[in-house]
Amino acid sequence: MFCFTFTGDVIKSVGEELWKEVENAYTDSGKITDEILSALSFVYQSSLLPALDLVDHRNVSHMTSPSGRSIYQVIGSSGTPYTCFTTSFYCSCPSFRYSVLMKDDHLMCKHVLAIKLSEAMKLTKALEITDDEMATLLKTIE
Ligand SMILES: [Zn+2]
C-alpha cells in the first residue's frame, strides 16, 4: 500500500485519516490493530514506540487554567517535563528544535506524537492549574 514516496503534506493528511482510525479502533476494542500500528510506524517511524511508551505510562497531561488557557505537558522518558502545543506541533524538547525545525526530517517529536495518541485513546490526564502556574509554565518556553 505504501510503496511510493510521499511528500510531507501527503504524509500529514495520511496522518489525519490514521488518527480517526486509531480513535475508532481504540473506542471499539480498547486497542489499536496491527494494521493501524504498522501504518503509524510507517508515517512516524522511530518516534512511534517511544511515544506509545509515554502513553502507556500515562505521561501526557492536558492542563487548563481558570482564564481558559490550555497546554499539554508530557513527562519525557528521563523524567523531564516538556510543554507542548498541538496546534503548532510545538514542543519544548531539544529534539523538536534540532530534528523538527532545523533538519526537517521529523513530522513531530515523540512528545507531540504521544499527545495525539493519548487523545485518540482518551488516556490524557486532565489537570486544573492556577493562572500563576500557567504563566510560569508558559515562561519556560520562551
Ligand atoms: Zn518533544
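Because the structure is predicted, anything quoted here is derived from the model rather than measured.

Student: Mind showing me how you'd approach the overall build of the protein here?
Tutor: On a plain count of helices and strands, the protein comes out with six helices and five strands. Secondary structure elements of the protein occur, N-terminal to C-terminal, as α-α-α-β-β-β-β-α-α-β-α. Restricting the contact set of the protein to residue pairs at least 6 apart, pairs at least 24 apart contribute 55%.

Student: Help me understand the sheet that holds strand 5 (residues 125-128), please; the structure alone is not making it clear to me.
Tutor: The pairing of strands in a sheet happens through backbone hydrogen bonds and is either parallel or antiparallel. Across the sheet, which stays open at both edges, the five strands sit in the order 4-3-2-1-5 with mixed pairing between neighbours. Both edges of this open sheet fall to strand 4 (90-91) and strand 5, since each of them pairs with a single strand only. Sheet topology places strand 1 (residues 60-64) next to strand 2 (residues 70-75); five bridges connect them, and they run antiparallel. Bridged to M63 within strand 2 is I71.

Student: Honestly, helix 2 (residues 34-44) in this entry has me stumped. Any pointers?
Tutor: Residues that lie three or four places apart on an α-helix share one face, since the helix turns once every 3.6 residues. Of the residues making up helix 2, those classed as buried are A39, L40 and Y44. Summarising the axial view, the buried residues of helix 2 lie within an arc of 115°, below the 170-degree limit, and thus occupy one face. In this structure, helix 2 carries D34 and E35 as exposed residues pointing more than 90 degrees from its buried face. In the stretch just after helix 2, Q45 is the one whose phi turns positive, near 50°.

Student: Can you help me understand the packing of helix 3 (residues 48-56) against helix 5 (residues 110-120) in this one?
Tutor: Helix-helix packing is described using two parameters, namely the angle between the two axes and the distance between the axes. At a minimum axis separation of 8 Å, helix 3 and helix 5 run at an interaxial angle of 55°. As the angle between them shows, helix 3 and helix 5 are arranged oblique. The handedness of the crossing between helix 3 and helix 5 comes out as right-handed. Where helix 3 approaches helix 5, its residues L48, P50, A51, L52, L54 and V55 are matched on the opposing element by K110, L113, A114, L117 and S118.

Student: Looking at this structure, how should I read the confidence of the model for the protein?
Tutor: Low-confidence regions, as indicated by low pLDDT, have predicted coordinates that should not be scrutinised in detail. On average, the protein scores 86 in pLDDT, and the residues at 70 or more come to 86%. Confidence drops under pLDDT 50 across residues 1-6; counting only partners more than four residues distant or on other chains, this segment forms three contacts.

Student: Sorry, what's going on with unusual backbone geometry here?
Tutor: In most cases, non-glycine residues show a negative phi, while peptide bonds are predominantly trans. One non-glycine residue, Q45, lies in the positive phi region at around 50°. Inspection of the secondary structure assignment puts Q45 in the loop between helix 2 and helix 3. With 12 C-beta atoms counted inside 10 Å, the residue Q45 sits in the exposed group.

Student: Would you mind going over the nonpolar core with me for this structure?
Tutor: As a rule of thumb, soluble globular proteins bury nonpolar side chains together. Membership of the largest hydrophobic core comes to 25 residues, with the highest contact counts inside it found for V55, V74, L113, A114 and L117. If you list the elements that add at least two residues to this core, you get helix 2, helix 3, strand 2, strand 3 (81-85) and helix 5. Among the elements that make up this core, the one with the highest residue count is helix 5 (six residues). Discounting chain neighbours no more than four positions away, the residues touching A114 are A51, L54, V55, N59, V60 and V74.

So, how was this worked out
- Residues numbered from 1 in each chain as written.
- Predicted model: local features only at pLDDT ≥ 70, side-chain atom pairs only at ≥ 80, totals over all residues.
- Helix = DSSP H or I, 4+ residues; strand = E, 2+ residues; numbered from the N terminus.
- Contact = placed C-beta atoms within 7 Å.
- Pairing = 2+ DSSP bridges.
- Buried ≥ 20, exposed ≤ 12 C-beta atoms within 10 Å, placed from the backbone.
- Arc of directions from axis to C-beta.
- Axes fitted to C-alpha atoms, helices over the stretch in contact; angles between N-to-C directions.
- Parallel < 35°, antiparallel > 145°, perpendicular 65-115°, else oblique.
- Left-handed = near helix turned anticlockwise from the far one by under 90°.
- pLDDT = per-residue confidence, 0-100.
- Core = buried A, V, L, I, M, F, W, Y, C linked by C-beta atoms within 7 Å.

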